[in-house]
Amino acid sequence: MGGTFDPIHNGHLVAGSEVAHRFGLDEVIFVPTGRPWQKEGPRAGADPGRVTPAEHRYLMAVIATASNPGFTVSRVDIDREGVTYTVDTLRDLRREYPDDELFFITGADALESILTWQNWEELFELAHFIGVSRPGYALDATHLAEHLATKPPHALQMMEIPALAISSTDCRERAGHGRPVWYLVPDGVVQYISKHGLYRKEST
Ligand code: ATP
Ligand code: MG
């Protein structure tokens, strides 16, 4: 499951759990993005255009997934130089898991840009795609239909995640205003955010 995870929250974890159950996956690997090409630069306070340093996002993902034996976190994107593209993520994971069937899970919103901007033909050779939708973010699949017409029927599947209106943006805003993020993110992530003063308005 790819994402910025700034910070990882219970919506991401529920999505991973639901998809794993529905598709019978052995393992869900959370892959924090390095420098997302959509959102570059260090995050200043709760500035929506900036992203928190990768090491913090990686460690929060590790803390959030530590108790689940079926969840792991991969550094492939944060250890690779430059901007993150999904095709590189999948090539790296394919090398690491040469004999496994890969499913790339991401939000319907992210999927639209991945499939319309990147080498989408190769993407489908590397993995099945699972688009998860959260309340208020239905995928407009009409413009993907022509790409998909020539692809295997299970190249891209959508799955609705039970109504969890949680977003990282909201978590950052809450943390920035000193409002609680308890129960929106795992307890250890609440404590990590506070320990490092992440998302505080006055910090740069
Ligand atoms: P931001 O508000 O900064 O965009 P986010 O909450 O969307 O953050 P991302 O790191 O962008 O978090 O999430 C990775 C993927 O997980 C996204 O493509 C997103 O659509 C999906 N996702 C995020 N929150 C939920 C949720 N509550 N339920 C289902 N999917 C979600
Ligand atoms: Mg998002």
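This text goes with the structure placed above it.
Residues numbered from 1 in each chain as written. Chains lettered and ligands numbered in written order. Predicted model: local features only at pLDDT ≥ 70, side-chain atom pairs only at ≥ 80, totals over all residues.

A. Quick look at the sheet that holds strand β8 (residues 156-160). What the three strands build is an open sheet, ordered β6-β7-β8; its pairing is parallel. Strands at the two margins of the open sheet, each flanked by one partner only, are β6 (103-107) and β8. Across this sheet, the average inter-strand angle for adjacent strands is 25 degrees, counted without regard to direction. Sheet analysis places β6 next to strand β7 (residues 128-133), joined by five bridges and oriented parallel. Following the sheet pairing, I105 is matched in β7 by I130. Of the strands in this sheet, β6, β7 and β8 touch helix α5 (residues 108-117), which is tilted by about 115 degrees from β6. (Pairing = 2+ DSSP bridges. Helix = DSSP H or I, 4+ residues; strand = E, 2+ residues; numbered from the N terminus. Axes fitted to C-alpha atoms, helices over the stretch in contact; angles between N-to-C directions. Contact = placed C-beta atoms within 7 Å.)

B. Layout of the site of ligand 1. The environment of ligand 1 is formed by 19 residues, the closest being G3, G11, G107, S168 and T169. Elements represented by at least two residues in the shell around ligand 1 include exactly α1 (10-23), β6, α5 and α8 (168-176). For the shell around ligand 1, the residue count by class is seven nonpolar, nine polar and three charged. (Near = placed C-beta within 6 Å. Nonpolar A, V, L, I, M, F, W, Y, C, P; charged D, E, K, R; others polar.)

C. Representation of the sheet that holds strand β4 (residues 71-73) within the structure. With parallel pairing, the three strands of this open sheet are ordered in space as β1-β2-β4. Edge positions in the sheet fall to β1 (2-3) and β4, since each has one partner strand and no second. Two strands pair when backbone bridges link them, and β1 and strand β2 (residues 28-32) are joined in this way by two bridges, in the parallel orientation. Each bridged residue has a counterpart across the sheet, and for G2 the counterpart in β2 is V31.

D. Molecular detail of α8. If you check which residues of α8 are buried, you get S168, C171, R172 and A175. The buried residues of α8 occupy one face: seen down the axis, they fall within an arc of 100 degrees. Looking at the buried side of α8, the elements it contacts are α9 (187-196). (Buried ≥ 20, exposed ≤ 12 C-beta atoms within 10 Å, placed from the backbone. Arc of directions from axis to C-beta.)

E. Local environment of unusual backbone geometry. A cis amide bond, omega 0 degrees, links D6 with the succeeding residue P7. The residue P7 is located in the loop between β1 and α1 in this model. Phi is positive for Y183, close to 70 degrees, though the residue is something other than glycine. Accessibility expressed as a C-beta count within 10 Å gives 11 for Y183, which makes it exposed.

F. Geometry of helix α4 (residues 86-96). Within α4, the full set of buried residues consists of T86, T89, L90 and L93. The arc enclosing the buried residues of α4, seen along the axis, measures out at 90 degrees, which places them on a common side.

G. Just the nonpolar core, in detail. Core analysis: the largest hydrophobic core is formed by 41 residues, its most contacted members being I8, F30, M60, A61, A64, I105 and V189. The element best represented in this core is helix α2 (residues 54-65), accounting for six residues. Those residues in contact with I8, other than ones at most four positions away along the chain, are F30, M60, A61, A64, V185 and V189. (Core = buried A, V, L, I, M, F, W, Y, C linked by C-beta atoms within 7 Å.)

H. Region of interest: the packing of α2 against α9. At a closest axis distance of 9 Å, the pairing of α2 and α9 adopts a crossing angle of 150 degrees. With respect to each other, α2 and α9 are oriented roughly antiparallel. Regarding α2 and α9, the two cross each other, and that crossing is right-handed. Contact residues: H56, L59, M60, I63 and A64 in α2; G188, V189, Y192 and H196 in α9. When the residues that make up the contact of α2 with α9 are grouped by side-chain class, the tally is six nonpolar, three polar and no charged. (Parallel < 35°, antiparallel > 145°, perpendicular 65-115°, else oblique. Left-handed = near helix turned anticlockwise from the far one by under 90°.)

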